[in-house]
Amino acid sequence: MTSSADRLIDFVLDEAHLLDEGRFTEWLDLFTEDARYWMPAAPGQTDPKLHNSLMYEDKLLLRIRIERLTGARTYSEQPRSRCHHLLQTPRVEHLDHDRREYRLRTSFHYVETRLDRQTLYAGWASHHLVEIDGVLRIRLKRVDLVNCDAAFGNISLFM
Amino acid sequence: MGDLAKRWNGAELRALIRDNEVHRAVYTDPEIFNLEMARLFRASWAYVGHASQVPNAGDYFTTTVGAEPVVIVRRGDGGISVLINRCSHKGVRLVSEGSGNLGKFIRCPYHAWTFGTDGALQNIPLREGYDGTGFDAAEARLGLARAGAVEVYREFVFCRLNDEGIRFNDYFGESLSTLDNMVDRAPAGRLEVAGGVLRYMHQCNWKMLAENQTDTCHPMVAHESSAGTTVRIWNEQPEGTPKPMAVEQFAPFASSYKFFDNMGIRIWPNGHGHTGVSDSIHAAYSPIPGYHEAMVAAYGEERTRHILGEVRHNTVYFPNIMVKGPIQTLRVFRPLAADRTLVESWTFRLVGAPDLLFERTCMYNRLINSPASIVGHDDLEVYERAQQGLQTGFRDWVNVGRLFQTGEGTANAEVVRGTSEAQMRNQFRAWLRFMAPPQELAP
């Protein structure tokens, strides 16, 4: 089964929906075992390793992050942060049916809130998807903030 | 400012700092903050950047020293100027925030007055319009204000804003050994700023960050959530799983009180000091292939062992930077207001070392110092709670008395137990010294 554009777009929309509902463990299951979640710290950044990034995490680090959120002594998440994604319709930028690899770009406004503070972030997400045994998975999610080089307070959840 | 200067004499300031307690106003009072900008950050030596950020003539970057906006520029003669970023004509911020190349002179975007890279006024359009107007006696004729003194130490650029005051070597003394060690870790004997910078906004007083750097009784508590979770998840992995670099970096934050107590703290005069005298959370990282060989080729076995045997954890250079030699990071705690601090975390490449070492540096910076860092989230939460808590009028004092000993701080390079708050007290002794009104400042 190959992936139609609609199926890919729905996947990206559903992914954000899991985050907005705080279903982080289910969200993490969307990623391949060798996946990365990357938030560059410089516009147009090409190197995730030999340059500073806001985040560049594998599945283990993402799991630590997610399990930490509910820890009894995770004071920075008491009370918990919440988030909301407002997405433009994802655009399919690359379809390789032979290799079952797909790339989408999605513009977003993202809001993170905790207590009375609310912060708005804007940018675009790039999803590198791969279909394995008929199931779509994320191999790379890259999040580019339009002001990625600005000074931020806590970025606590996932964009 | 005139009234402030009269009001806050040495005796009044000393009333805020006891041997083992600090008055909450020192963290919360905007008047004290303004006084810090006017006195402390002008009389002390501030780190402004690294010479590798301005390799060529005309290269510049901007930063602040206390509340003063400054531009650091490489002159044609190879020297480095630290200039106040304010046109002498109408007061316009001359150079945009950031970095770039100015060419041979600095041109104001408003009326095209130009200044040399040494700050001297060069040209004014229609200059004859000032003939006979008393311009020679006007302040504008002086060009850009500059730092009173600039010192480039092994490519680290420091300045003292005041024209007169303590000399660089007297101010830092033996504490420069941490910078020496960081530079010596490069097989080529020099560092480069690389990989950009992480910028993290904190709604708390800058001194909370400076104190936290040698606070060894908080990691196992505040970071239980991040490092503790890491250790728990790591222990669930099948035996024999190779330990990732990220786990090597996170896990030691969960070390015991005994571990931190044993690692020791060394304190130097003028508020400088470091944790990690005999051991540290950076001591047990896996070797980087090719690095040791490159070091031995450059320095020989014995010197290499000496250089890499130094495991210093956090070195605080008073007032507002922290250096990690074994990790090659430098953090600047830039004061913006009594309750607002911008933390910049810089990374350095050891020239001649394998890329993997710089990858480790960037990973550490990202895992610990990014606005998305879970360790950073732990710390910022407690800083901001402290800033809020200190607003209460029902308690006035912050305790810094752990393992206080009468007469401490009189010896140079004194080594104390790792869980002592002696370095925090050392910073407050320096704070009092450099907050004193100019007429009371010791030479």
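Note that the structure is a prediction, hence the values are computed from the model and not measured. (Residues numbered from 1 in each chain as written. Chains lettered and ligands numbered in written order. Predicted model: local features only at pLDDT ≥ 70, side-chain atom pairs only at ≥ 80, totals over all residues. Heavy atoms only, no water.)

Asker: Talk me through the overall build of chain A; I want residue IDs and the actual numbers.
Answerer: Scanning chain A from N- to C-terminus turns up three helices and seven strands. Traced from its N-terminal end to its C-terminal end, chain A shows the element sequence α-α-β-β-α-β-β-β-β-β. Computed over its C-alpha atoms, the radius of gyration of chain A comes to 16 Å, within 12% of the 15 Å expected for a compact globule of 159 residues. Taking the principal axes of its C-alpha atoms as reference, chain A extends roughly 45 × 30 × 30 Å. Taken over 159 residues, chain A has a buried fraction of 50%. Long-range contacts, defined here as pairs at least 24 residues apart, represent 57% of the contacts in chain A between residues at least 6 apart. The positive charge centre, built from 22 side chains, and the negative charge centre, built from 25, are 4 Å apart in chain A. (Helix = DSSP H or I, 4+ residues; strand = E, 2+ residues; numbered from the N terminus. Rg over C-alpha atoms; globule rule 2.2 N^0.38 Å. Buried < 20%, exposed > 50% of the residue type's maximum accessible area, 1.4 Å probe, protein only. Contact = heavy atoms within 4.5 Å. Lys, Arg positive; Asp, Glu negative; His and termini not counted. Charge placed at Lys NZ, Arg CZ, Asp CG, Glu CD.)

Asker: So what about the packing of aromatic side chains? Which residues, and what values?
Answerer: Residues and elements named next belong to chain B. For the structure shown, the criterion picks out 26 aromatic pairs over all chains. Aromatic pair Y27 and F428: ring centres 6.4 Å apart, planes at 70°, arrangement edge-to-face. Placement of Y27 in helix α3 (residues 25-28) and of F428 in helix α16 (residues 422-435) is noted, with a sequence separation of 401 residues between them. Here the two residues Y27 and F428 agree in accessibility, since each one is buried. Look at Y47 and F158: their rings are 5.7 Å apart centre to centre, the planes differ by 70°, and that puts the pair in the edge-to-face class. Here the residue Y47 occupies a position in strand β2 (residues 46-50), and F158 occupies one in strand β11 (residues 156-160), the gap between them amounting to 111 residues. Like Y47, the residue F158 is buried in the burial classification. Each residue in the set W45, Y47, Y153, F156, F158, F168, Y171, F172, Y317, F348 and F434 is aromatic and connected to the rest through ring pairs, giving one cluster. (Phe/Tyr/Trp six-rings, centres within 6.5 Å; stacked < 30°, edge-to-face > 60°.)

Asker: Before we move on, could you go through the side chain of H50 of chain B and cite the residues and values that matter?
Answerer: Residue and element names in this part refer to chain B. Relative to the elements of secondary structure, H50 occurs in strand β2. At 2.7 Å, the side chain of H50 and the side chain of S52 are in polar contact. Leave out the neighbours within four places in its chain, and H50 touches F61, R154, E155, F156, V157, L191, V193 and F348. (Polar contact = N/O pair within 3.5 Å; in protein donor to acceptor, adjacent residues only side chain to side chain.)

Asker: Outline the domain arrangement of chain B, listing residues and values.
Answerer: A common way to express how large an interface is: the accessible area buried when the components associate. All names here are of chain B. Assigned domains within chain B: domain 1 (46-154) and domain 2 (178-434). Put simply, the middle of domain 1 and the middle of domain 2, counted by C-alpha atoms, are 34 Å apart. In this assembly, nine residues from domain 1 lie in contact with 14 residues from domain 2. Here domain 1 and domain 2 share an interface that buries about 1,100 Å² over both sides, 54% of which is from carbon and sulfur atoms. Where domain 1 packs against domain 2, one counts two salt bridges. A salt bridge links D180 to R154; the nearest nitrogen and oxygen atoms lie 3.2 Å apart. Inspection of the domain 1/domain 2 interface yields five residue pairs in polar contact (both at pLDDT 80 or more). Those elements that place two or more of their residues in the side of domain 1 that touches domain 2 are β2 and β3 (59-65). Split into classes, the residues belonging to the side of domain 1 that touches domain 2 amount to two nonpolar, six polar and one charged. (Domains from an automatic or database assignment. Buried area = accessible area lost by both parts, 1.4 Å probe. Salt bridge = Lys/Arg side-chain N within 4 Å of Asp/Glu carboxyl O. Nonpolar A, V, L, I, M, F, W, Y, C, P; charged D, E, K, R; others polar.)

Asker: Go over the packing of helix α4 (residues 30-43) of chain B against α16 of chain B, please, and point to the residues and values.
Answerer: Residues and elements named next belong to chain B. Across the interface, α4 lies against α16 with an axial gap of 8 Å and an inter-helix angle of 85°. With respect to α16, the element α4 is oriented roughly perpendicular. Contacts from I32, L35, E36, R39, L40 and A43 of α4 reach α16 at W431, F434 and M435. (Axes fitted to C-alpha atoms, helices over the stretch in contact; angles between N-to-C directions. Parallel < 35°, antiparallel > 145°, perpendicular 65-115°, else oblique.)

Asker: Explain the packing of helix α12 (residues 291-299) of chain B against helix α13 (residues 301-309) of chain B residue by residue, including any values.
Answerer: Residue and element names in this part refer to chain B. Running from N to C, α12 and α13 point in directions that differ by 125°, and their axes come no closer than 7 Å. Between α12 and α13, the angle falls in the class oblique. The two elements α12 and α13 meet at a crossing, and its hand is right-handed. From α12, Y291, H292, M295, V296 and Y299 reach across to α13, where they touch E301, R303, T304, I307 and L308. Of the residues belonging to the contact of α12 with α13, the class tally is six nonpolar, two polar and two charged. (Left-handed = near helix turned anticlockwise from the far one by under 90°.)

Asker: So, the sheet that holds strand β9 (residues 121-123) of chain B: which residues are in play, and what are the values?
Answerer: All names here are of chain B. Spatial ordering of the open sheet is given by β7-β8-β9, a layout of three strands whose pairing is antiparallel. Lying at the two open borders of the sheet, with one neighbouring strand each, are β7 (105-107) and β9. Taken pair by pair, the neighbouring strands of this sheet meet at an average axis angle of 35°, ignoring direction. Across three bridges, β7 lies against strand β8 (residues 114-116) in antiparallel orientation. The partner of I106 across the bridge, within β8, is F115. (Pairing = 2+ DSSP bridges.)

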